[in-house]
Amino acid sequence: ETTVISFSGGIGTVTISGTDSIWTNTDYVDLNYNGGGATINIGAASVLPGDATSPGTLKARSILFRAGSDAHGTSTLNFNHTGSNYVFATPLVSYGTGAKDSLNHYAGTHCSLATVRALKARQR
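Nothing here was measured: the structure is a model prediction, and the numbers come from that model.

Caption draft 1: The side chain of asparagine 25, seen in detail. Residue position: asparagine 25 is located in the loop between β3 (22-24) and β4 (28-31). The exposure class of asparagine 25 is buried, given its relative accessible area of 10%. Of note is the side chain of asparagine 25, whose polar atom sits 3.4 Å from the backbone oxygen of tyrosine 28.

And the structure:
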């Protein structure tokens with residue numbers, strides 16, 4: 001398992017961009033296991049569509065969103081890319097209410113998403 005951020009109050013960001021860029025993880029990618037904030041960007045690390053770059057590829061068992069609804073931080077997945085037929089195949093799993101989990105699409109066409117599951121009150 002890869003934890004993007006795992007301590008209270010910290011912030012972690014991973015940006016995956018570039019046509020041949022691949023981040024491979026044979027297990028889960030865990031966003032925000034213990035508080036703080038965690039973001040994965042596919043393409044540009046910007047919310048401006050004009051800043052979009054070519055998308056990289058994330059290969060993982062799934063992405064775990066753990067922000068929940070309490071005082072802990074946020075879990076975010078952003079898409080801001082120039083791909084014209086991009087397929088995102090990693091399943092997304094949300095623990096808790098998902099009140100602070102975000103999935104944002106700023107640029108890129110045909111952004112297909114994998115399975116999205118919400119798992120309430122389940123702890124790993």
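Caption draft 2: Looking closely at the environment of aspartate 101. Residue position: aspartate 101 is located in strand β10 (residues 101-107). A sequence separation of 26 residues divides aspartate 101 from serine 75, and the C-alpha atoms of the two residues are 4.8 Å apart.

Caption draft 3: Region of the structure containing the pairing of strand β5 (residues 37-43). Among the 7 residues of β5, 7 are classified as buried, and the element is accordingly described as predominantly covered. Alignment of strand β2 (residues 11-16) against β5, held across 6 bridges, turns out to be parallel. Within the sheet, the bridge partner assigned to isoleucine 16 lies in β5 and is isoleucine 42. Where β5 meets strand β8 (residues 75-80), 6 bridges bridge the pair, whose relative direction is parallel. The partner of asparagine 41 across the bridge, within β8, is asparagine 78.

Caption draft 4: Highlighting the nonpolar core. One finds Ile40, Ile42, Leu58, Ile63, Leu77 and Phe88 to be the most contacted residues of the largest nonpolar core, which totals 15 residues. Put simply, the parts of the chain that give this core at least two residues each are β4, β5, β7 (62-65) and β8. The greatest single-element share of this core, amounting to 3 residues, is contributed by β5. With residues near it in sequence (within four places) discarded, leucine 58 still touches Ile16, Trp23, Val29, Ile40, Ile63, Phe88 and Thr90.

Procedures and definitions
- Residues numbered from 1 in each chain as written.
- Predicted model: local features only at pLDDT ≥ 70, side-chain atom pairs only at ≥ 80, totals over all residues.
- Heavy atoms only, no water.
- Helix = DSSP H or I, 4+ residues; strand = E, 2+ residues; numbered from the N terminus.
- Buried < 20%, exposed > 50% of the residue type's maximum accessible area, 1.4 Å probe, protein only.
- Polar contact = N/O pair within 3.5 Å; in protein donor to acceptor, adjacent residues only side chain to side chain.
- Pairing = 2+ DSSP bridges.
- Core = buried A, V, L, I, M, F, W, Y, C linked by side-chain atoms within 4.5 Å.
- Contact = heavy atoms within 4.5 Å.

Everything listed here is a matter of geometry and, on its own, says nothing about what the molecule does.
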